[in-house]
Amino acid sequence: MFKKSVYPLFFLPLFISGQALANEAPIKVKVFVGSMFEIGQNTGDKAGEFQYWYEKYFKNSQPITVKGAASPVFCNDDGVCGSVLGMGKVASSASVQAILLNPKFDMSQTYFMINGVAGTPPSRGTIGDVSWGSWAIDYDLGHRWAPEEGLHNGQTFMPRKGYENIRSYQLNSTLVSWAMNITGQTKLLDSEGAQKYRERYPDDNARRAPKVLTGTHMTGDTFFHGPGMSKETQYIAKLYGADDYLVTEMEIAAITQVIARTQGTTQRVFSLRGSVNFDQGNPNETTLEHLDPAPGQTAGGFKETVENIATVGGKMTDYIVAHWDTWQNGVPPLK
């Protein structure tokens, strides 16, 4: 005998739709683009770190809300996903963990394109540079004290024991070499404002045109500033056996730790940064004067730098997606 359905007919489409959503396969993510902040909207206004990525990859994508993440995730049909993670160690790493653990995404083979703006010492970099991180080092995991209270090896910093496994990460050198091979000759944008600002510094590297390069990326929640702090940062990089300190930023060491814990490896992590300021003033100004510039005395070149970051990172992203059969099981050897 025919048995009447227990579900009212007007509930059936909703029920079936819910079943379909529950049974959807997770999105296979080939490259995840993580930026730290956006200015206003994702498109149509002044660009922050994410806008150029959004306009290239996600303009036709729908936002995917992820509980615990700072912003929605966007994915395109090619397996590229991206999100604004939030600034600083806690906000950014919390977002990455929430996204990694969300069942909507399959990130078992994902390459992580962690990117944003940064500062650089004038002896090694300049405004508009884009750099691939060779090392990710945590600036904060140690002891610090006032200089008048004594020095340790000429510094007011000493590493804290117990953090040896999480205070520094050497990123995959083959991956960095691939990135330089694919993007190293990219012509970068520059601005008249940045060109004029560079002339305030005597260093050859500070005065040159921007280029793509590699070096250590130092993560600190504190906006350290001045030649003394820059010297200390280089000391920490060398103390931990890393390359020369090249970039100061606020997220990559924390994000790398989350990826290591959840994925079991850091071999697919890119740290990509564009320099929008120097980590110290020129010899004719105090650190406070540099931190609080007079009108018209800022570095310039922000717009060009965020576009440079997306251009360089986009080249590597596109290469991985186009050669996914070769890249999906790991970074191939560079011949």
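Residues numbered from 1 in each chain as written. Predicted model: local features only at pLDDT ≥ 70, side-chain atom pairs only at ≥ 80, totals over all residues. Heavy atoms only, no water.

A. Main features of the nonpolar core. W53, I99, F105, M113, W132, F270 and M316 are the most contacted members of the largest nonpolar core, which totals 62 residues. Per-element accounting of this core gives the leading share, seven residues, to helix α10 (residues 302-322). In this structure I99 touches F32, V66, A69, V73, S83, L85, F105 and M107, once residues within four positions along its chain are discounted. Counting twelve residues, the second-largest nonpolar core is a separate cluster that includes W135, F224, I236 and Y240. (Core = buried A, V, L, I, M, F, W, Y, C linked by side-chain atoms within 4.5 Å. Buried < 20%, exposed > 50% of the residue type's maximum accessible area, 1.4 Å probe, protein only. Helix = DSSP H or I, 4+ residues; strand = E, 2+ residues; numbered from the N terminus. Contact = heavy atoms within 4.5 Å.)

B. Structural detail: the packing of aromatic side chains. Inspection of the entire model under this criterion finds 19 aromatic pairs. Consider the rings of F50 and Y54, whose centres lie 6.3 Å apart with planes at 50 degrees: the pair is tilted. Since its relative accessible area comes to 0%, F50 is described here as buried. When its relative accessible area of 11% is taken as the criterion, Y54 is described as buried. Put simply, the rings of F50, W53, Y54, Y57, F58 and F74 pair up and form one aromatic cluster. Its end group placed over the ring of Y139, R144 keeps NZ or CZ at 3.8 Å from the ring centre. (Phe/Tyr/Trp six-rings, centres within 6.5 Å; stacked < 30°, edge-to-face > 60°. Lys NZ or Arg CZ within 6 Å of the ring centre and 35° of its normal.)

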